[in-house]
Amino acid sequence: MVKLFDAVCPQCKGKFHCHWEDLRHKDYKLVCPFCSTSFAQEESPQIIE
Ligand SMILES: [Zn+2]
């Protein structure tokens, strides 16, 4: 099964689904689907597992 989590965008506070697979890559930036902001997972104000 694919693990999912919710990340919160630091810009627009939008919440969206991400795959854990993405986090295996250290330089991977999450991209907000609402405002297209890219940010590191550490910058997300909230990660909901
Ligand atoms: Zn956003």
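Before reading on, note that the structure itself is shown above.
Each value, and the rule that gives it
- Residues numbered from 1 in each chain as written.
- Predicted model: local features only at pLDDT ≥ 70, side-chain atom pairs only at ≥ 80, totals over all residues.
- Heavy atoms only, no water.
- Helix = DSSP H or I, 4+ residues; strand = E, 2+ residues; numbered from the N terminus.
- Buried < 20%, exposed > 50% of the residue type's maximum accessible area, 1.4 Å probe, protein only.
- Contact = heavy atoms within 4.5 Å.
- Donors = N, O, S within 2.8 Å, 3.2 Å for Na, K, Ca; no water.
- Tetrahedral: all angles 85-135°; square planar, octahedral: opposite > 155°, others 65-115°.

Colleague: Give me the overall build of the chain: which residues, what numbers.
Modeller: When its secondary structure is counted, the chain shows zero helices and five strands. Secondary structure elements in the chain, listed N-terminal to C-terminal, are β-β-β-β-β. Here the chain, with 49 residues, has 29% of them falling under the buried criterion. Taking the contacts inside the chain whose residues are at least 6 apart along the sequence as the reference set, 32% of them involve residues at least 24 apart.

Colleague: Account for the coordination of the zinc ion, with residues named and values stated.
Modeller: Around the zinc ion, the donor atoms from the protein are C9 (SG), C12 (SG), C32 (SG) and C35 (SG), and they sit 2.3 Å away. Geometry at the zinc ion is tetrahedral, judged from its four donor atoms and the angles of 106 to 114 degrees they form at the metal. Each donor residue of the zinc ion lies on the same chain, and together they follow the pattern C-x2-C-x19-C-x2-C. We classify C9 as buried; its relative accessible area is 0%.

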